Amino acid sequence: MKIIAIMPVRNEAWVLPHSLASLSAFCDVVLVNDQNSEDASRDICRQFPKVVLLESSERRVCEEARWALLDAARGYDGFNLMVCTDADELLPPRMMNRFLERHREELQPKTVVECMFYHLWGDAA
């Protein structure tokens, strides 16, 4: 079983080094679909060996970008674990590795794991 992260990106250079480092610590491959970013997002992606960068010349809505990522992920053989995230959603690698160690046998095909997330601020302004 491979662990494949999928992440749509558009102008996420401000957080991308952190999210890609986190995902690279527990994923076998990180599929990123860049939606014609105007910042250094694509260059940052190229710095991470586990990242496969899909570049779009047009801006797609997030759901369309995710469908393209899912299509790319289907190209990997076997029953794989998909981690669907956004660049500004950070997953702690130690926590994820611990979860995978404890539950690997339970992660069978068609199993869905939904994780809660927490906003660390009360107001973005």
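Calculation notes
- Residues numbered from 1 in each chain as written.
- Predicted model: local features only at pLDDT ≥ 70, side-chain atom pairs only at ≥ 80, totals over all residues.
- Heavy atoms only, no water.
- Helix = DSSP H or I, 4+ residues; strand = E, 2+ residues; numbered from the N terminus.
- Buried < 20%, exposed > 50% of the residue type's maximum accessible area, 1.4 Å probe, protein only.
- Contact = heavy atoms within 4.5 Å.
- Polar contact = N/O pair within 3.5 Å; in protein donor to acceptor, adjacent residues only side chain to side chain.
- Salt bridge = Lys/Arg side-chain N within 4 Å of Asp/Glu carboxyl O.

(A) Just unusual backbone geometry, in detail. Not every positive phi belongs to a glycine, and asparagine 11 is a case in point at roughly 50°. Inspection of the secondary structure puts asparagine 11 in the loop between strand 1 (3-9) and helix 1 (16-24). Take asparagine 11: its relative accessible area is 26%, and that puts it in the partly exposed class. The backbone of asparagine 36 shows a phi angle near 60°, a positive value even though the residue is not glycine. With respect to the secondary-structure elements, asparagine 36 resides in the loop between strand 2 (29-35) and helix 2 (41-45). Judged by relative accessible area, which is 28%, asparagine 36 ranks as partly exposed.

(B) Expanded view of the side chain of glutamine 35. With respect to the element layout, glutamine 35 can be found in strand 2. Residue glutamine 35 is classed as buried on the basis of its relative accessible area, which comes to 3%. When sequence neighbours within four positions are dropped, the list of residues in contact with glutamine 35 reads Val9, Arg10, Ser56, Glu58, Arg59, Arg60 and Ala65.

(C) Inspection of the environment of leucine 100 at higher detail. With respect to the helices and strands, the residue leucine 100 is situated in helix 4 (residues 93-103). Taking the relative accessible area as the measure of exposure, leucine 100 reaches 2% and is therefore buried. Beyond its immediate sequence surroundings of up to four residues, leucine 100 is in contact with Ile3, Phe26, Leu81 and Leu107.

(D) Structural detail: the side chain of serine 37. Mapped onto the elements of the fold, serine 37 is located in the loop between strand 2 and helix 2. Judged by its relative accessible area of 3%, serine 37 is buried. Among the polar contacts listed, one links the side chain of serine 37 to the side chain of aspartate 34, at a separation of 2.5 Å. Leaving out residues up to four positions away in the same chain, serine 37 has contacts with Val9, Arg10, Asn11 and Arg42.

(E) Quick look at the pattern of salt bridges. Summed over all chains, the structure comprises seven salt bridges. The residue arginine 46 makes a salt bridge to glutamate 55 at a minimum N-O spacing of 2.8 Å. Judged by relative accessible area, which is 48%, arginine 46 ranks as partly exposed. Given the relative accessible area of 48%, glutamate 55 is considered partly exposed. Arginine 66 is the partner of aspartate 86 in a salt bridge, and the nearest nitrogen-oxygen pair spans 2.4 Å. Of this pair, aspartate 86 sits in the loop between strand 4 (81-84) and helix 4 while arginine 66 sits in helix 3 (residues 62-73), placing them 20 residues apart in sequence. Here the salt bridges share partners, and the residues they tie into one network are Asp34, Arg42, Asp43, Arg46 and Glu55.

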